Amino acid sequence: MTKIKLKNLNTRAPEKLNKESIKKETQKLKFKLEELQNLMFAESKHAILIILQGMDASGKDGAIRYVFEVINPMGCRVFAFKAPTELELKHDFLWRIHQHTPEKGLIHIFNRSHYEDVLIQRVHQWVSEKTIKQRFEQINNFEKLLTESGVIVLKFYLHISKDEQLVRLNERMSDKAKMWKYNEDDLKEREFWDQYMRAYESAFENCSIVPWHIIPADQNWYKEYLIAKKVVETLEELNMKFPGLKPHGNS
């Protein structure tokens, strides 16, 4: 694939776009998403795994909250992957991930994912480069297994600028509604911004059997529109149908 250079990609919406028009389109997409998810749940032939990656404050929580708020909770699960627990560290790095992949009929959303093991661990050199290369191959095999098993994997990188990230991190220190999100380590991680960009670019290059979708994330309204649009388009391509009546005598 063509190498992705994040510094060359815009983090904002095209200037010609009208914010209010896009927000109306997003609302229409959300209603469509609600219908399609209900259909997918009823048909139970497909599963979708949505992976959200991005720097701190890139809007992963917001995307989950605003794009997927319309979905019936019975058909959607959200998993946030933080630092591995003691038990998780005793297993291979994919162990804690695999047990949360979706069954047919469900959408699972990962807030961070197995990619943390080739990002933060690489940036801080907690593992060797040899291990990172092995993990790239293992991730590809894992995602290949999922797709061949009928799981549709959608990978989104929320592309926020360093300046916008600082604005949002500062809001967490001043806005009472956001203070609970504040973590002093987030500001420390900013010191490694360039290393994170290189680590992400390497992940894009080495783990692209399932393609990445780079989402400009400086403006939440545009980020939400792009994610909703891709998920709806993916569901529409499945040409799903509601099941008919079950044969008499079956429960």
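Counting restarts for each chain, with residues numbered from 1 along the sequence as it is written. With the structure being a predicted model, the display of local features is reserved for residues of pLDDT at least 70 and the display and counting of side-chain atom pairs for 80 or more, all residues being used for whole-chain, interface and lining totals. Only hydrogens and water are set aside; all other atoms, that is, all heavy atoms of the structure, feed into the side-chain values.

On to the side chain of Gln37. As for its position among the elements, Gln37 is in helix 1 (residues 19-43). Burial classes: relative accessible area under 20% of the type maximum marks a residue as buried, over 50% as exposed, and values in between as partly exposed (1.4 Å probe, protein chains only). A residue is classified by how much of its surface remains accessible, and Gln37, at 2% relative accessible area, is buried. Any two residues whose heavy atoms approach within 4.5 Å at even a single point are treated as in contact. What Gln37 contacts, discounting residues up to four positions off in sequence, is Ile71, Asn72, Gly75, Ile107 and Leu235. A run of H or I in DSSP counts as a helix once it spans at least four residues, and a run of E counts as a strand once it spans at least two, with each numbered from the N terminus.

Moving on, we come to the pairing of strand 4 (residues 151-159). The buried count for strand 4 comes to eight of nine residues, which makes it a mostly enclosed element. Only when DSSP finds a minimum of two bridges between them are two strands counted as paired. Bridge count for strand 1 (residues 47-54) against strand 4 is eight bridges, and the pairing is parallel. Bridging across to strand 4, Leu49 finds its partner in Val153. The pairing of strand 4 with strand 5 (residues 212-216) spans five bridges and is parallel. Opposite Lys155, over in strand 5, you have Trp212 as the bridge partner.

Our focus in this paragraph is the pattern of salt bridges. Where charged atoms of side chains with opposite charge meet at close range, the side chains can pair. Take a side-chain nitrogen of Lys or Arg and a carboxyl oxygen of Asp or Glu: if they are within 4 Å of each other, that pair is a salt bridge. A full pass over the atoms with the stated rule returns 15 salt bridges. The closest approach of N and O atoms between Lys3 and Glu205, which form a salt bridge, is 3.9 Å. Of this pair, Lys3 sits in the segment before helix 1 while Glu205 sits in helix 9 (residues 193-206); the two residues are 202 residues apart in sequence, bridging distant segments of the chain. Through salt bridges with shared partners, a single network forms among Asp56, Arg112 and Glu116.

A word on the environment of Leu29. Within the secondary structure, Leu29 is located in helix 1. Note on Leu29: relative accessible area 15%, which makes it buried. Spatially, the C-alpha atoms of Leu29 and Ile209 are 27 Å apart, while their sequence positions differ by 180 residues. In this view, Leu29 contacts Tyr225, Ala228, Lys229 and Val232; residues no more than four positions away in its chain are not counted.

Bringing helix 10 (residues 220-236) into the picture now. Over its 17 residues, helix 10 extends 24 Å from the first C-alpha to the last, a length consistent with the 24 Å expected when each residue adds 1.5 Å. Most of helix 10 sits out of view: 12 of its 17 residues are buried. Tucked into the core, helix 10 has its buried residues touching helix 1, strand 1, helix 2 (60-67), strand 4 and strand 5. Helix span is expected to be 1.5 Å times the residue number reduced by one.

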